[in-house]
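Spelled out, the chains give:
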Amino acid sequence: YILFTACFFLLLPQNGPPSKETSYVFNGDFVDRGKNSIEVLMILLVSLLVYPKDLHLNRGSYEDFLMNLRYDFTKEIMTKYTVYGRKILKVLEEVYAWLPIATVVDSEILILHGGVSEATDLNLLRCLERNKIKSVLMPPIPSGGQVTPDFGSNTASGRTYKPEVPLYDRLLRHEWEQGYTNVRRLVITVFSASNYYEEGSNQGAFLKLGHCKPPTFVQYQVTKSPCPKPLSQSVNIIENSAIRILKERMMSRKIVLVHAFKLRDHKDA
């Protein structure tokens, strides 16, 4: 098995196509990782049809219609498909809900996106009606009330998309907790996106798993520069990029944040 946490088809030639000898697990976050998310997703889904037994797609945190609304994928679809954008997003919402939550290798290795929860129960995961999990941002309805998820704003060419959220088809709390409160325990974390913030900021990696063999890590970096940046420079790139992104997120939700601060601030202006 070869485990990826992102889709890097530049690496497929060195490992060969999916087969009985070389199975692939793509561990989520197929979209919202660039300007060609829908193309990447379509290639993966077509590959799944061609290699149904040797290619596996786990659902990640961004295979979630509310996450797509908060970030860029919904805008990408509405921009590229001006006529059928809403229909495509509705279909993808159902596709997300039917993707497997985890993959088990040789009854020993559990592969899932984002780590494990304190409440993770493999027996429950096996019988969980995963098609009910429309979004991890949509918690169960508490007794005597309802939860209204925050869709954020997402426009493209003056057009908006806000999906309808049914209230009757929600998970029970103990089911919902299977994928929500994630923590790191005795796990291996694999991050496949090199240059996540900017070119030269970090390396990516994938993991090779073999029967009765220790896991093998393969690191790489897709870059135009012939010389890797020193560690201190890479750290500076990551920190500056993270601060810039944080500022952008805060400004995009300025009205909501100001309102929340006012509710907490009991002092007179």
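Computed from a predicted model, the values in this text were never measured in an experiment.

A.B. asks: Could you give an account of the overall build of the protein chain, naming the residues involved and the relevant values?
C.D. replies: If you tally the helices and strands in the protein chain, you get nine helices and eleven strands. At a minimum sequence separation of 6, the contacts of the protein chain that also span at least 24 residues come to 69%. With an accessible surface of roughly 17,000 Å², the protein chain has 58% of that area assigned to carbon and sulfur atoms.

A.B. asks: Which residues make up the packing of helix H2 (residues 37-50) against helix H4 (residues 73-80), and what are the values?
C.D. replies: The contact between H2 and H4 brings their axes to 9 Å, and the two run at 90°. In this view, H2 runs roughly perpendicular relative to H4, as classed from their interaxial angle. Of H4, the residues touching H2 (which contributes Ser37, Ile38, Glu39 and Leu41) are Phe73, Glu76, Ile77 and Lys80.

A.B. asks: For unusual backbone geometry, give the residues involved together with the corresponding values.
C.D. replies: Its identity is not glycine, yet Asp29 carries a phi of approximately 60°, on the positive side. The topology assignment puts Asp29 in the loop between strand S2 (24-27) and H2.

A.B. asks: Quick one: what's the story with the packing of aromatic side chains, residue by residue and with numbers?
C.D. replies: For the structure on display, the rule yields two aromatic pairs. Measuring from centroid to centroid gives 5.4 Å for Tyr62 and Tyr71, while their planes differ by 55°, and the two rings are tilted. Relative accessible area serves as the criterion here: at 12%, Tyr62 is assigned to the buried category.

A.B. asks: So what about the packing of H4 against helix H5 (residues 85-98)? Which residues, and what values?
C.D. replies: Between two packed helices, the angle of one axis relative to the other and the distance separating the axes together describe the packing. The N-to-C vectors of H4 and H5 enclose an angle of 140°; their axes lie 8 Å apart at closest approach. One finds that H4 runs oblique with respect to H5. Relative to H5, H4 is oriented so that their crossing is right-handed. Counting all contacts with H4, which are made through Phe73, Thr74, Ile77 and Met78, the residues of H5 involved are Gly85, Arg86, Ile88, Leu89, Leu92 and Tyr96.

A.B. asks: Please provide a residue-by-residue account of the nonpolar core, values included.
C.D. replies: Phe26, Phe30, Val31, Leu41, Leu57, Phe73 and Leu92 are the most contacted members of the largest nonpolar core, which has 18 residues in total. Secondary-structure elements contributing two or more residues to this core are S2, H2, strand S3 (55-58), H4 and H5. Among all residues touching Leu92, those that are not within four sequence positions of it are Ile38, Leu41, Met42 and Phe73. Among the nonpolar cores identified, the runner-up in size contains six residues, and Val25, Val105, Val190 and Leu209 belong to it.

A.B. asks: Please set out the confidence of the model for the protein chain residue by residue, giving values where relevant.
C.D. replies: Looking at the protein chain, pLDDT values average 76 and 72% of them are 70 or higher. Below a pLDDT of 50 lies the segment residues 143-147, which in the model reaches seven contacts outside its immediate sequence neighbourhood of four places, other chains included.

A.B. asks: How would you sum up the environment of Lys90? Please name residues and give values.
C.D. replies: Turning to its location among the elements, Lys90 is positioned in helix H5. Overall, the relative accessible area of 39% leaves Lys90 in the partly exposed class. Between the C-alpha atom of Lys90 and that of Phe65, which follows or precedes it by 25 residues, the distance is 8.8 Å.

A.B. asks: Outline the pattern of salt bridges, listing residues and values.
C.D. replies: For the structure on display, the rule yields four salt bridges. Between Lys80 and Glu39 there is a salt bridge; the shortest N-O distance is 3.0 Å. With Lys80 in helix H4 and Glu39 in helix H2, the pair connects residues that are 41 residues apart, well separated along the chain. The class of Lys80 is partly exposed, set by a relative accessible area of 34%.

A.B. asks: Describe the environment of Tyr196, with residues and values.
C.D. replies: Secondary-structure assignment places Tyr196 in the loop between strand S9 (182-183) and strand S10 (204-208). Residues Tyr196 and Ser241, 45 residues apart in the sequence, show an inter-C-alpha distance of 9.6 Å. Beyond its immediate sequence surroundings of up to four residues, Tyr196 is in contact with Arg33, Phe191, Ser201 and Asn202.

A.B. asks: Can you explain the pairing of strand S5 (residues 109-112)? Please cite residues and give values.
C.D. replies: Bridge count between strand S4 (residues 102-105) and S5: four bridges; the pairing is antiparallel. The residue of S5 that forms the bridge with Ala102 is Leu112. Between S4 and S5, which follow one another and run antiparallel, lie three residues, and Asp106 among them has a positive phi close to 55°.

A.B. asks: Go over the side chain of Arg59 with me, naming the residues and quoting the values.
C.D. replies: Of note, Arg59 is situated in the loop between S3 and helix H3 (65-70). This buried residue, Arg59, is left without a salt bridge; Asp64 holds the nearest opposite charge, at 4.7 Å. A polar side-chain atom of Arg59 sits 3.5 Å from the main-chain carbonyl oxygen of Tyr96. In contact with Arg59, other than residues within four places in its own chain, are Gly28, Asp64, Tyr96, Ala97, Leu99, Pro100, His113, Arg130, Ile133, Lys134 and Ser135.

A.B. asks: Describe a nonpolar patch on the surface, with residues and values.
C.D. replies: Taken together, Leu246, Met250, Leu257 and Phe261 make up a surface patch of nonpolar side chains, about 390 Å² in accessible area. Secondary-structure assignment places Leu246 in helix H8 (residues 231-252).

Calculation notes
- Residues numbered from 1 in each chain as written.
- Predicted model: local features only at pLDDT ≥ 70, side-chain atom pairs only at ≥ 80, totals over all residues.
- Heavy atoms only, no water.
- Helix = DSSP H or I, 4+ residues; strand = E, 2+ residues; numbered from the N terminus.
- Contact = heavy atoms within 4.5 Å.
- Areas by Shrake-Rupley, 256 points an atom, 1.4 Å probe, with all protein chains shown as cover.
- Axes fitted to C-alpha atoms, helices over the stretch in contact; angles between N-to-C directions.
- Parallel < 35°, antiparallel > 145°, perpendicular 65-115°, else oblique.
- Phe/Tyr/Trp six-rings, centres within 6.5 Å; stacked < 30°, edge-to-face > 60°.
- Buried < 20%, exposed > 50% of the residue type's maximum accessible area, 1.4 Å probe, protein only.
- Left-handed = near helix turned anticlockwise from the far one by under 90°.
- Core = buried A, V, L, I, M, F, W, Y, C linked by side-chain atoms within 4.5 Å.
- pLDDT = per-residue confidence, 0-100.
- Salt bridge = Lys/Arg side-chain N within 4 Å of Asp/Glu carboxyl O.
- Pairing = 2+ DSSP bridges.
- Lys, Arg positive; Asp, Glu negative; His and termini not counted.
- Polar contact = N/O pair within 3.5 Å; in protein donor to acceptor, adjacent residues only side chain to side chain.
- Patch = residues over 30% accessible without salt bridge, like charges linked within 9 Å, V, L, I, M, F, W, Y side chains within 5 Å.

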